[in-house]
Amino acid sequence: MSRLSVVLPAYNEELMVEKACSVLKETLSAAGISYELVVVDDGSADSTWDRIVKAGERDSNVLGVHFSRNFGKEAAVYAGLAQASGDVVAVMDCDLQHPPETLIEMFHLWEQGYEVIEGVKSSRGKESILHKKSAGLFYGIMTKATKVDMQNASDFKMMDRKAVDSILSMPERNMFFRATSSWVGFRSTAVEFEVREREAGESKWSGWSLIKYAFTNIVAFTTVPLQFVTIIGGTCFGCSLILIIYSLLQFFRGHAVEGYTTTLIVLLLIGSAIMVSLGIIGYYIAKIYEEVKRRPRYIVSKIVRGNKDVYDEAHQDKV
Ligand code: UDP
Ligand code: MG
């Protein structure tokens, strides 16, 4: 019988993680699906790990992975995919904002032969207008970059072993999971789901971390910002041609171009264009530097299956 692995990244989720495990256990057993829950503790500062161990004592299908520090959600998802042993793997948040019943719908689609099943938000839940607008802008850019409609994309998905293995074989350290799952191709479909309110705990995203997330992922997926540099350069060149012709004409007519202000404006414009361009190029260089260092994506400090320590057998070759 085919087995489903559910990857659950958890960061400071002491209030939700046990509940998520028990709800999933109930839902999946009721549907008669053989499962495994891969809960990745992303270096939580609270008692999340103890809760995962407790959940493992109650359900031997729980595999707990503990990071040595916080490496971020993308790393946690990747670690979960690497540890998952099922024939089909789902990824969902452990705050139950992604409805567990949708998993069953996805599982049936997988049985029908779909290899990548994307969860698509039917609405974005409760968010401030500013958040909605900036998310809209970010996903607009990502949609252009990936040529896949990202507007309502989420990290809630189910993937066949083949798709999981192809994601795991990608060498880059900076991965945008949400887009990569559609980038790999395969026979895909989408399932709509309603984003639930978070029951307990709080969202881990602050305004600043969202901005950083957006920049990192745009740079990870597209080089369009580098073309902006060329565009800025071209525009400056066009303007300077006009100005050169104008100043020469004035010169031969016997008047000089009015002095200081014009010089200042031109200098400032060119100066800032160069600075912005250097900034964009610099950001790409920083990312290249991070990639060539070939550091591991994450460091695992503990792995338990049920209530058994399986670090030594599970950890090999899975970093
Ligand atoms: N998460 C994580 N590492 C982080 C931040 C978040 O593993 O550094 C997990 C978190 O525990 C949750 C999921 O990612 O399971 C989504 O986080 P959250 O609910 O805070 O995001 P939101 O639903 O508000 O977008
Ligand atoms: Mg959430």
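Reading guide: rules and limits
- Residues numbered from 1 in each chain as written.
- Chains lettered and ligands numbered in written order.
- Predicted model: local features only at pLDDT ≥ 70, side-chain atom pairs only at ≥ 80, totals over all residues.
- Heavy atoms only, no water.
- Salt bridge = Lys/Arg side-chain N within 4 Å of Asp/Glu carboxyl O.
- Helix = DSSP H or I, 4+ residues; strand = E, 2+ residues; numbered from the N terminus.
- Phe/Tyr/Trp six-rings, centres within 6.5 Å; stacked < 30°, edge-to-face > 60°.
- Buried < 20%, exposed > 50% of the residue type's maximum accessible area, 1.4 Å probe, protein only.
- Lys NZ or Arg CZ within 6 Å of the ring centre and 35° of its normal.

S.K.: Residue-level account of the pattern of salt bridges, with values.
M.R.: Overall, the coordinates contain 11 salt bridges when judged by the stated rule. Among the ionic pairs, R58 bridges to E18, the shortest N-O distance being 2.4 Å. In this pair, R58 sits in helix α2 (residues 48–58) while E18 sits in helix α1 (residues 17–30), placing the two residues 40 residues apart along the sequence. In this structure, the salt-bridge partner of K287 is E290, at a minimum N-O distance of 3.4 Å. Here the residue K287 and the residue E290 both occupy positions in helix α10 (residues 260–292), the gap between them amounting to three residues, near one helical turn. A single network of salt bridges, built from pairs that share partners, joins K73, D93, D155 and R178.

S.K.: Explain the packing of aromatic side chains to me, and be specific about the residues and the numbers.
M.R.: Taken as a whole, this structure holds six aromatic pairs when the rule is applied. Ring centres of F107 and W110 lie 5.6 Å apart, and the angle between their planes is 40°; on these two criteria the pair is classed as tilted. Placement of both F107 and W110 in helix α4 (residues 100–111) is noted, with a separation of three residues, approximately one turn of the helix. Ring plane angle 85° and centroid distance 5.1 Å describe the contact between F156 and F193, whose orientation is recorded as edge-to-face. With F156 in strand β6 (residues 153–160) and F193 in strand β7 (residues 188–194), this pair connects stretches of sequence that are 37 residues apart. In this pair, the class of F156 matches that of F193, namely buried. Among the aromatic residues, those joined into a ring-pair cluster are F67, F71 and Y298. Stacked on the ring of F71, the Lys or Arg R69 has its end atom at 3.9 Å from the ring centre. Directly above the ring of Y78 sits R297, whose terminal nitrogen or CZ lies 3.9 Å from the centroid.

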